[in-house]
Each structure stands twice: as structure tokens, then as C-alpha cells.
Amino acid sequence: MQQQVRKITNIMKWILGSLAIIICSAAFIATLPYALFTNVYDFPAPKPFSGKTWYNPYAGLAFDDINHWKKSNFHGHTKAWQGITDGHSDHAIYDSVYRALGYHSIGISNYQFIDTTFNKSTGYIPCYEHGYNVWKRHHVCIGAQSITWLDFLFGQSIHHKQTMLDHLRPTMDVLAIAHPRFRGSFDAEDFLKLSGYDCIEVLNHYRISDEQWDSALSAGYPAWIVGDDDTHNASAEGETGVCWTMIHAPGNAKRTELTTSLKQGRAFGMTGKRGIVEIYPTRHEIIGDTVLHISLSDTARSIELIGQGGNIIGRDTLAREVNHRLQSSDNYVRAKIHGDSSIMWMNPVMRWDGKQRAKPIINVTKTIAYRSTWWIGYTLIIIVIAKRFRKRKN
């Protein structure tokens, strides 16, 4: 009997020991990116836009033909990874739904996978959603050339978020921070420091992240808007054709024309239903560096002008145009235009002094110290395990 108990005990010890080894190995692999790739940065102080001249992303655009505006969605999911990830539509249904709604560029952005099913279609741009960490700190990779597998699975400080942006930046045409308000993945305070991205996915059917956008703009960072459904079921009414981007790209625009316009802010975001655009801009100009003039194709229920700190600095109701005299306190101004069942979110005009914004700089000493802390921790754990193993063996 004692022999059987001893045998069962040994088996249980072996099982528990094996589980401990597996758990420790998994923890080591999962935390290894922190030890190998984290950079610690010195971030410059936020500096609002300044200067006597204004940058207007819509300057010189031809507004006379609405066909110049290409309806686009860069964030949506289909069935992928053998059904492990959350995507319910097959490719044909996904594409046909968006084609029926008049979309020019239909992005499939499955997790960690560039889908090329429709790479012969006009408006095709290779996309994917980067990120598999716990807190949904994701990125929409537009015009992606390759997949970046690096991620920080658990907690992320501002330094991890900036490290991730620096790794992603060279691998695509346009880098957009995805749904920052979703699950609190990126706080408004983060955008006072983060740099190296092109756009913020302000509009997403899960969350609207205008607070984060205004935080970046108030810090003097030229972040442009992207609107995406982030649909996981193309047949679902509430998550398809509700958030999108209108990109100014005349003709039969392809990847280069679309991504270039997106990076230069020649676009606006929309929230509405079934991708219906009620109102188009017909003018968006700065007259004599003193007046912002916006005119529309139809009467809006209201036009809000939003400036530094996300504050509303002007509002007109039942208006077809607005003339805002630019004040010395205006660092940037963006328009939010309400139709009957949709909202147009224009990119901002911003003051410009001809100087590039200061970028975060890697602090080599602190980076070495941070990474070394992880390796010291690994070493101490190994020593403790080795001592216990030796003691048990003796």
C-alpha cells in the first residue's frame, strides 16, 4: 500500500514539476520582448502648433466633383485563422456588402495576416490589424509590406507603446492607432507624447476617440483622422457602413494615390448609416491667414468648430457655410458637421512655424538599465529553482 502511495506521489510530483516547467517557460517567452526590445525614451514637452502661417490639408483640392472623394474602410474582419479569431463573414460576402454600399477601397484587416484575396481589385490596399496583447493596444497597418510579430502581451507603459510604433513604422505606408478609447487601450495623456504614427482611428463602431485626437492635436502633433467600421460581421447593420473615411483621390485611384492623400490629411471621416454621405464640402480654405471659410453642398443641422483642448470655439445651426475669424489663441481648428443622420469630421487646419516637431529620443542608459533588470530577474528565478531542485534531490 505504501509503495502504491509513494508511486502516486511521485507521479503527482512529476506532473506538477512538468506543469511548473511549462508555466515558467511560457512566462519567459511571453515576457522576453520586454527584456529584448523595450526602449526607454526621453519625451519632449508638448508644444502646441504655433506660427504666423496656417497649414490647410485641403488647400488646392478640386471640390467640384464628388467622385474625387473615395469611400474607404481599412478595418474589418473576415473568417481567418481556422475560425480562431472573431470574424463571421466569408470573403465574397464581405466584399459584396461593401461594393453594394459604394466603397472604393475595401480593406480586410484580419489579425496578424495580410489578406490578398482581392489584390487585383481597384482600390485594394494590403492591410492587417496588429496586436494580440491583453488590453487591445492595436494598430491598423495600411499599405503593409510585412507582418510585425513583436508585441508586449501584458502591461504597456508609454515607452512600450512608443517602442511598438517605432518597430511598425518602416513596414507600411500609413500607420494608424486603432480604437484608442476601446478598453482604455490608449489614454488621452498618451497622445501628449507619442510620435511616429500618421493617423488615429477616431471613428470606430465600438468607440469614438475624439478626446484622444484632440489631445494629440493640442500637443502639436499632426494626427489625421481615419474612420473604420471594425466590423466582425459584414451583414450586421450596426457595425457595417457606420464609420468610414472619404479620401480625396481623383480618377481610378490605387494604393499610392490613396495612401499619399491619407498621410497628407486630404480626407475626412464619417459616421452615419449604410455609408450614405448627405453633405460634401465644396470649399475649405483659409483666406489671408485670417479667416477659415467652409462651404457645403447642402444645409447642415449644425457646424461645430473645435480647437485647442477639444473646446468648441464656434457653432452655427442650419448653416451651409461658416466663416471663422482666426484668433491668436487658435492653434488648430477642426470642423464637425452634423447632417440629418450623419456627421462629417473634417481634418484640422493648424498653425505652422516651418519647424519639425521634436521626436522622442532613446535614453540608452535607462534602456540598458531597464532590460538588465529583466535579465537579473530571470537569473534570480533560475538560481532559486536550481537551489530547490538540488535540495529536493539531496
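Residue positions are counted from 1 within each chain, in the order its sequence is given. Selection of residues for local features in this predicted model requires a pLDDT of at least 70, selection of side-chain atom pairs for listing and counting requires 80 or more, and totals for whole chains, interfaces and linings are taken over all residues. Note that water and hydrogens are dropped before the side-chain values are worked out from all heavy atoms of the structure.

*Asks:* Report on the pattern of salt bridges, specifying residues and quantitative values.
*Replies:* It is possible for side chains bearing opposite charge to pair when their charged atoms get close. For this analysis, a salt bridge means a side-chain nitrogen from Lys or Arg found within 4 Å of a carboxyl oxygen belonging to Asp or Glu. Scanning the model with the defined rule gives seven salt bridges in all. The closest approach of N and O atoms between Asp-198 and Arg-169, which form a salt bridge, is 2.4 Å. Of the two residues, Asp-198 sits in the loop between β7 (172-177) and β8 (199-204) while Arg-169 sits in the loop between α3 (158-168) and β7, which places them 29 residues apart along the sequence. The partner of Arg-255 in a salt bridge is Asp-173, with the nearest N and O atoms 2.7 Å apart. Of the two residues, Arg-255 is situated in helix α5 (residues 255-263) and Asp-173 in strand β7; the sequence distance between them amounts to 82 residues. Put simply, DSSP H or I for four residues or longer makes a helix, DSSP E for two residues or longer makes a strand, and each gets a number counted from the N terminus.

*Asks:* For the packing of aromatic side chains, give the residues involved together with the corresponding values.
*Replies:* Pairs were defined over the aromatic rings of Phe, Tyr and Trp, the Trp ring being its six-membered one, requiring ring centres within 6.5 Å. Orientation was assigned from the angle between planes: stacked under 30 degrees, edge-to-face over 60, tilted for the rest. The tally for this structure, following the rule as stated, stands at 17 aromatic pairs. Ring centres of Phe-182 and Tyr-206 lie 4.8 Å apart, and the angle between their planes is 15°; on these two criteria the pair is classed as stacked. With Phe-182 in the loop between β7 and β8 and Tyr-206 in the loop between β8 and α4 (210-218), the pair connects residues that are 24 residues apart, well separated along the chain. For Tyr-206, a relative accessible area of 28% puts it in the partly exposed group. Each member of the aromatic cluster is reached from another via a ring pair, and the members are Phe-28, Tyr-34, Phe-152, Trp-374, Trp-375 and Tyr-378. In this analysis the charged atom, NZ for Lys or CZ for Arg, is taken to sit over a ring once it is within 6 Å of the ring centre and within 35 degrees of the ring normal. Lying across the ring of Tyr-103, Lys-71 places its NZ or CZ 5.5 Å from the centre. Here Arg-183 stacks its cationic end above the ring of Phe-182, 5.9 Å away from the centre of that ring. The cut-offs for exposure are 20% and 50% of the maximum accessible area for each residue type, with area from a 1.4 Å probe on protein chains only; residues under the lower value are buried, those over the upper are exposed, and the others partly exposed.

*Asks:* Outline α4, listing residues and values.
*Replies:* The element α4 is extensively covered by neighbouring structure, given that seven of its nine residues are classed as buried. Only heavy atoms matter for contacts: two residues are in contact if any of them lie within 4.5 Å across the pair. Where α4 is buried, its residues touch β8, β9 (224-228), β13 (291-307), β15 (332-338) and β16 (343-346).

*Asks:* Break down the sheet that holds strand β5 (residues 127-130) for me, citing the residues and quoting the values.
*Replies:* Adjacent strands of a sheet form backbone hydrogen bonds with each other and so pair up, either parallel or antiparallel. We call two strands paired when DSSP finds no fewer than two bridges between them. Taking strand neighbours across the sheet as the criterion, the five strands line up as β5-β6-β7-β8-β9 in an open arrangement whose pairing is mixed. Among the strands making up the open sheet, the edge pair consists of β5 and β9. Each strand of the sheet is rotated relative to its neighbour by a mean of 35°, with strand direction disregarded. Here five bridges tie strand β6 (residues 139-144) to β7, and the two strands are oriented antiparallel to one another. Directly across from Cys-141, in β7, lies its bridge partner Leu-175. Throughout, an axis means a line fitted to C-alpha atoms (over the contacting stretch in the case of helices), and angles, computed between N-to-C directions, take values from 0 to 180 degrees.

*Asks:* Can you lay out the nonpolar core for me, pointing to particular residues and giving the numbers?
*Replies:* In these notes, a set of buried Ala, Val, Leu, Ile, Met, Phe, Trp, Tyr and Cys residues joined through side-chain atoms within 4.5 Å is what counts as a nonpolar core. Counting 54 residues, the largest nonpolar core has Phe-74, Ile-142, Tyr-197, Ile-200 and Leu-262 as the members making the most contacts within it. Among the elements that line this core, the one with the most residues is β7, at five residues. Among residues more than four places away in sequence, those in contact with Phe-74 are Ser-105, Gly-107, Ser-109, Ile-125, Cys-127, Val-140, Ile-142, Asp-228, Ile-247 and Leu-262.

*Asks:* Got a sec to walk through unusual backbone geometry? Specific residues and values, please.
*Replies:* A positive phi angle, near 55°, is found at Asp-289, a position not held by glycine. Along the polypeptide, Asp-289 turns up in the loop between β12 (281-287) and β13. The class of Asp-289 is partly exposed, set by a relative accessible area of 37%. Despite not being glycine, Leu-318 has its phi angle at roughly 45°, a positive value. Position of Leu-318 relative to the elements: it lies in strand β14 (residues 311-325).

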